[in-house]
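Inside the fold
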Amino acid sequence: MSSNFTTKFAIPEVIFGNGAIKHLASCARGLGARRILLVSDMGVEDAGWVQMVMDLLAQDSLECVYFNEIDSNPRDSQVHAGVEVYLAEGCDVIVALGGGSPIDTGKGIGIIAGNGGNIADYEGANRIMRPLPPMISAPTTAGSGSDMTQYSIITDVSRKVKMSIISRSLVPNISIIDPTMLRTKTQELIIASAVDALAHAVESYVSRLASPFTDHHALQAIRLFVENLERAVEYRDPKALEQLSIASTAAGMSFSNAGLGALHSLAHSLGGMFDVLHGLVHPIMLPAVMRFNLPECIEKMAAIGRITTGRDHKNDVSAAYAGIEHLERLFQTLNVPTHLREILPDPEVLEPICRMAVYDACTMTNPRDVTCEDLQSICKEAW
C-alpha cells in the first residue's frame, strides 16, 4: 500500500461465543431501549429462537413488538410495513434476529424511521444524512455478513432490482454472534450461507479498495471455510459451526470495508429478477468470475489457491488456477446447482441480467474493469 493511501475500517461492537445471546437485554438497555422492535422471520420463529429472545427481553422487563413480514429477498414494501409498526408502537431500538433478510430489513426500517422518505431514495452509497435508531443484530446464519457491514440489500419490486444501500450508519451498534443458533439450520442454508461468506472473502480480498486491514480478515475467512465446511455440513459438528461463524464475521469485516465485485453485482441482479436464494448463486458464478479477474490480481489469486488446495505450486499462475479448480470440485460435491441453466429459464434472460448488473455498486470495486459484454461472457461460461 502506498504511503499516501487513506483507508478506514468500521465494525460494530462484537459479542461472540456460545450462549452470547444471553447478553441481549443488557446490550439493549445500554442503548437506551424501553420498547424494542424485534425483526425476524418464520424460519427463525419455527426454530424457537424468536420465543427465546422474547423471553430474554421479558425477563429484563423490556417491552417487545414483533415484526416478521419478510421474504428471503426482502422487499421495499416489507421495509415500509415495518416502519409503520416501529412508529405506531413507539419503538426506540431495533433488534434484528436471523440471516441477511431480517438484518437487512431491520436496517431498512431504521433508515426510514430516522430519515423519512422511501427506501429507494437511499439506493447507492452515502445517501443517508440523519442518524438511525440504535440497532442490535443477532445472526442465526454464518454467511450474509449483514451483522458486520455498512450494506443493506432490499428488492425494489416494481423495477425487479436488488438495491445496494451503503452507508457507515448501517453498521449495527452491536452484533451478538452466538454459534449455537446455527445448529437448527437446514443443510442447504448452512451451505448457501458459508459459500456466501467465502464469496465475500474472495471478492473483498481482490477488491480495488482492499487494504492490509481487510486482507487479513479475508484470508482468515477463506482458510476457516476450507477447513470446516465439510464437518459442518455432514455432521453439524459444533466446533466446525463455530469456526464457520468466525469465518463469516471475518469476511463481513473485510467486505464491509473493501467492497465486493462482479459476482455480487450478478447475484443481486439475478435475485432481483428471479428471487433465487442469494447464497446459491455463488457456487455457480464464483469460479467464472475468478477466472475473469485473474489477470488483474495473479498474486492474490495465487494466495487463495495455496490456501484452498493446502499446498504450494511451482508459480503463481498455476497456484491461482489450481485454487479455482479446487473450488469448482468442492461445489460439485455439495449437491447444489453449479450451472446457471439449473436455476434460469433460458439464456435469453442473461442480457437484461447483465445490463442491470453493470450499474450495481459492487461493480465499481471489481479488480478488473467490466462491461455488459464481459458479464455476458462470464454468464455463458457458467451456463
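It should be emphasised that the depicted structure is a prediction, and the values quoted were computed from it without experimental measurement.

1. Quick notes on empty space enclosed by the protein
- Evaluation of the coordinates by the stated rule reveals three cavities of 30 Å³ or more.
- Considering only enclosed or pocket space, the largest cavity measures out at about 60 Å³ in volume.
- Taken together, T141, A142, L182, K185, L189, I190, S193, L241 and L244 form the lining of the largest cavity.
- Counting residues per element, the ones that place at least two in the lining of the largest cavity are α6 (187-206) and α8 (238-258).
- At three residues, the largest contribution of residues to the lining of the largest cavity is made by α6.
- Of the residues assigned to the lining of the largest cavity, the class counts are six nonpolar, two polar and one charged.
- Considered as a void within the structure, the second largest cavity measures approximately 50 Å³ in volume.
- Considering the residues around the second largest cavity, the lining is formed by A142, A194, A197, L198, A201, A221, I222, F225, L244 and A247.

2. A short note on the domain arrangement of the protein chain
- What the domain assignment reports for the protein chain is domain 1 (13-181) and domain 2 (186-382).
- For the pair domain 1 and domain 2, the two sides together bury roughly 2200 Å², of which 58% comes from carbon and sulfur.
- The largest per-residue losses of area from domain 1 upon contact with domain 2 belong to A142, Y151 and K162, which jointly make up 25% of the total buried on that side.
- Across the domain 1-domain 2 interface, the total number found is zero salt bridges.
- Counting across the domain 1 and domain 2 interface gives seven residue pairs in polar contact (both at pLDDT 80 or more).
- Elements represented by at least two residues in the side of domain 1 that touches domain 2 include exactly β1 (13-16), β7 (151-156) and β8 (161-166).
- Counting residues per element, the side of domain 1 that touches domain 2 draws most heavily on β8, at four residues.
- The class makeup of the residues in the side of domain 1 that touches domain 2 is ten nonpolar, nine polar and four charged.

Conventions used here
Residues numbered from 1 in each chain as written. Predicted model: local features only at pLDDT ≥ 70, side-chain atom pairs only at ≥ 80, totals over all residues. Heavy atoms only, no water. 1 Å grid on protein atoms, 1.4 Å probe; cavity = no way out; pocket = protein on both sides within 12 Å on 5 of 7 lines; lining within 4 Å. Points joined across faces, edges and corners; volume = space filled by probe spheres on them. Helix = DSSP H or I, 4+ residues; strand = E, 2+ residues; numbered from the N terminus. Nonpolar A, V, L, I, M, F, W, Y, C, P; charged D, E, K, R; others polar. Domains from an automatic or database assignment. Buried area = accessible area lost by both parts, 1.4 Å probe. Salt bridge = Lys/Arg side-chain N within 4 Å of Asp/Glu carboxyl O. Polar contact = N/O pair within 3.5 Å; in protein donor to acceptor, adjacent residues only side chain to side chain.

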